[in-house]
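What the coordinates show
Now for the letters of each chain:
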Amino acid sequence: MKHRGIFFNDEDWGLLPWSNTNFEPGLPRVGKTKGAIGSKTNAKVFELLLRLRANTIWPAMHEVTVPFYFTKGNKEVADQYGIIVGTSHCEPLMRNSVNEWDIAGKGDYNYVTNREAMLAYWTERLKELKGSDNIYTIGLRGKHDGMMQGVKTLKEHKAVLTQVIKDERELLKTYVNPDVTKVPQVFIPYKEVLDVYNDGMEVPEDVTLIWCDDNYGYLKHFPTEKERARKGGNGVYYHISYWGRPHDYLWLATNHPAQLYTQMKQAYDKGAKDIWILNVGDLKPGEYLTELFLDMAWNINTIENNINGLDLHLQNWLSREFGSVHAKALLEVMNEYYRLAYIRKPEFMGGTRTEEKDPKYKIVSNLQWSEKEIRERLKAYEVLAAKVAQLSKNIPAAQKDSWFQLVAYPVLGAAAMNKKYCMVNWQEMVKQTGLKAISAMKKFSN
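About the cut-offs
- Residues numbered from 1 in each chain as written.
- Predicted model: local features only at pLDDT ≥ 70, side-chain atom pairs only at ≥ 80, totals over all residues.
- Heavy atoms only, no water.
- Helix = DSSP H or I, 4+ residues; strand = E, 2+ residues; numbered from the N terminus.
- Expected span 1.5 Å × (residues − 1).
- Bend = angle between axes of the 7 residues up to and from the residue.
- Buried < 20%, exposed > 50% of the residue type's maximum accessible area, 1.4 Å probe, protein only.
- Pairing = 2+ DSSP bridges.
- Right-handed = clockwise from strand over helix to strand, strands pointing away.
- Axes fitted to C-alpha atoms, helices over the stretch in contact; angles between N-to-C directions.
- Parallel < 35°, antiparallel > 145°, perpendicular 65-115°, else oblique.
- Left-handed = near helix turned anticlockwise from the far one by under 90°.
- Contact = heavy atoms within 4.5 Å.
- Nonpolar A, V, L, I, M, F, W, Y, C, P; charged D, E, K, R; others polar.
- Core = buried A, V, L, I, M, F, W, Y, C linked by side-chain atoms within 4.5 Å.
- Phe/Tyr/Trp six-rings, centres within 6.5 Å; stacked < 30°, edge-to-face > 60°.
- Salt bridge = Lys/Arg side-chain N within 4 Å of Asp/Glu carboxyl O.

Structural notes on helix α13 (residues 324–343)
For α13, spanning 20 residues, the distance from its first C-alpha to its last is 29 Å, which sits close to the expected 28 Å at 1.5 Å a residue. Residue L330 marks the point of greatest curvature in α13, where the axis turns by about 35°. Of the positions making up α13, those classed as buried are H326, A327, L330, L331, V333, M334, Y337, Y338, L340 and A341.

Describing the pairing of strand β8 (residues 275–281)
Across the seven residues of β8, seven count as buried, placing the element largely inside the fold. Of the strand pairs in this sheet, strand β1 (residues 3–8) and β8 are connected by six bridges, and their pairing is parallel. Bridge assignment links I6 to a residue of β8, and that residue is L278. As paired strands, strand β7 (residues 234–239) and β8 are joined by five bridges and run parallel to one another. Across the sheet, V236 pairs through a bridge with W276, a residue of β8. Of the crossover connections in this fold, the one passing from β7 over helix α9 (residues 257–269) to the parallel β8 is right-handed.

Structural notes on the sheet that holds strand β2 (residues 56–58)
The strand order across the open sheet formed by eight strands is β3-β2-β1-β8-β7-β6-β5-β4, and the pairing between neighbours is parallel. The strands lining the two open edges of the sheet, one partner per strand, are β3 (84–85) and β4 (136–138).

A word on helix α12 (residues 309–322)
Over its 14 residues, α12 runs 20 Å from end to end, which matches the ideal 20 Å to within 8%, given 1.5 Å per residue. Turning to α12, its buried residues are G309, H313, L314, W317, L318 and F322.

A few points about the packing of helix α10 (residues 287–298) against α12
Where α10 contacts α12, the axes come no closer than 11 Å and their chain directions differ by 125°. The angle between α10 and α12 places the two elements in the oblique class. Relative to α12, α10 is oriented so that their crossing is right-handed. For the pair α10 and α12, the contacting residues are E287, Y288, E291, L292 and D295 in the first and L310, H313, L314, W317 and R320 in the second. Looking at the contact of α10 with α12 residue by residue, the classes come out as five nonpolar, one polar and four charged.

Things to note about unusual backbone geometry
Each neighbour pair has its own omega, and for R245 with P246 the value is -10°, a cis peptide bond. Note that P246 resides in the loop between β7 and α9. Omega for the peptide link from K284 to P285 comes to 0°, which places this bond in the cis form. Its location among the elements puts P285 in the loop between β8 and α10. Phi angles above zero are rare outside glycine, and M94 is one such case at about 65°. Look at M94 and you get buried, because its relative accessible area is 2%. Even without being glycine, N215 reaches a positive phi, approximately 80°. The residue N215 is located in the loop between β6 (208–212) and α8 (225–228) in this model. A relative accessible area of 7% places N215 in the buried class.

As for the nonpolar core
In terms of nonpolar packing, the biggest core is built from 106 residues, with W122 and F187 touching the most fellow members. Setting aside its immediate chain neighbours within four residues, W122 contacts P92, L93, R95, Y111, L140, V164, E168 and L171. Of all hydrophobic cores here, the second largest spans 17 residues; its members include I84, Y249, I275 and I277.

Details of the packing of aromatic side chains
By the definition in use, this model includes 22 aromatic pairs. Aromatic pair F7 and W58: ring centres 5.4 Å apart, planes at 70°, arrangement edge-to-face. With a gap of 51 residues between them, F7 in strand β1 and W58 in strand β2 connect regions that are remote in the sequence. Taking the relative accessible area as the measure of exposure, F7 reaches 0% and is therefore buried. Note on Y111 and W122: the rings are 5.9 Å apart at their centroids and 25° apart in plane angle, and the pair reads as stacked. One end of the pair, Y111, is in the loop between α4 (97–104) and α5 (115–128); the other, W122, is in helix α5, and eleven residues separate them in sequence.

Remarks on the packing of α12 against α13
Pairs of packed helices are described in terms of their axes, by the angle between the two and the distance that separates them. Viewed as axis vectors pointing N to C, α12 and α13 meet at an angle of 125°, and their least axial separation amounts to 8 Å. Comparing the axis directions of α12 and α13 gives the class oblique. Here α12 and α13 pass one another in a crossing that is right-handed. Contact residues: D311, L314, Q315, L318, S319 and F322 in α12; S324, H326, A327, L330, L331, M334, N335 and Y338 in α13.

Here's the deal with the pattern of salt bridges
Close approach of charged atoms lets side chains of opposite charge pair. What the rule picks out here adds up to 26 salt bridges. Between E287 and K284 there is a salt bridge, with its nearest N and O atoms 3.0 Å apart. Note on E287: relative accessible area 18%, which makes it buried. Here K284 falls in the partly exposed class, since its relative accessible area comes to 43%. In this structure, R320 engages E291 in a salt bridge whose closest nitrogen and oxygen atoms are separated by 2.7 Å. With a gap of 29 residues between them, R320 in helix α12 and E291 in helix α10 connect regions that are remote in the sequence. With a relative accessible area of 11%, E291 lands in the buried category. Linked through salt bridges whose partners overlap, the residues forming this network are R95, E100, E124, R125 and E128.

Notes on the environment of N335
In this structure, N335 sits in helix α13. In this structure, the C-alpha to C-alpha distance between N335 and V77, residues 258 residues apart in sequence, is 38 Å. With residues near it in sequence (within four places) discarded, N335 still touches D311 and L314.

Shape is all these values report; function is a separate question.
So, in structure tokens, the structure goes:
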């Protein structure tokens, strides 16, 4: 892959407060933001990327965080480390509009009614970035990860988006390179934009198409023969963390490595070979999945060249982090952790939905599992938690912190969350099956 990198997208609980209050406190805030991720922090991030053989970053974008280019030194440290800066599907022409528009824009973020103000807004950033190494996202979505304002029908959406791209490329031609085909550009058909693209919207041949998963690890589109032949090529935007409808998963990194591998290998085989970006959320505790993704982006045959490729990759990683003496037992633990979470993520145990206006979607509901399924799941987590507790006794003091963060907390946290909700389900069954179920339930509640 020519471009390999990560996207910080749930940075407000860990990375942001660590940077702003501990590692480099006192960074200026703007607007409604709660803090900034500064150049000292980004230097550490960029060092990590280089060690993982990555070269691209999409900086944090949420409203709690000061935009990347608003913090002095961020642009310069990216240039210093040779890191290419891009932006997500809702941040055209290097503008983080969820924050920047309220500060630097004028009027509504509506291309239909306020085109000149938006062109001026993008022009300002392009002038600032002259000489920097960037990949420019083109197109337009809403101000914060929503549908474009000012359009109601698919036909209107396609017509306006087509004009937006034409205007954006004129700006790139004027302020970046007169030969716009030499300016790195991506178009990302995410959510409703994929519908517009599928309706026949034309994207210039030199622009890279970045295909997205369904937010839960399954790619929604693979390049066709026509798309593979494009000069701009194809790429992938993939999630191991997601914030949004119908339900997010921000707590534990539980994507199954086999799912990640099979999806990305299929994407590569079908022509998505130019840019891979991984949504890592806050990065922690997704370190292993991030490394697996970037190892594959560097060499797609990292896994395939060995019959036990996935197990070997994970075992080597565990051996490096916690010693070879523990690696085999740890491999069994982590494979079971991923297997159980693939059946149902810990974040989904309550059966709720997020971001919904109707209160009924916030109400915890029982899962439609049988008593046998609940028994088996509780037992599996009980065994898994016991193995982690036993292994914890032999982890050297110098590795205790990383052990807790990468193994003990995710496994034990997932086990506790499952026990909590499965016991509630079981209590409902007790009302129907009587004392026999009560006796069995007590066994697992002790």
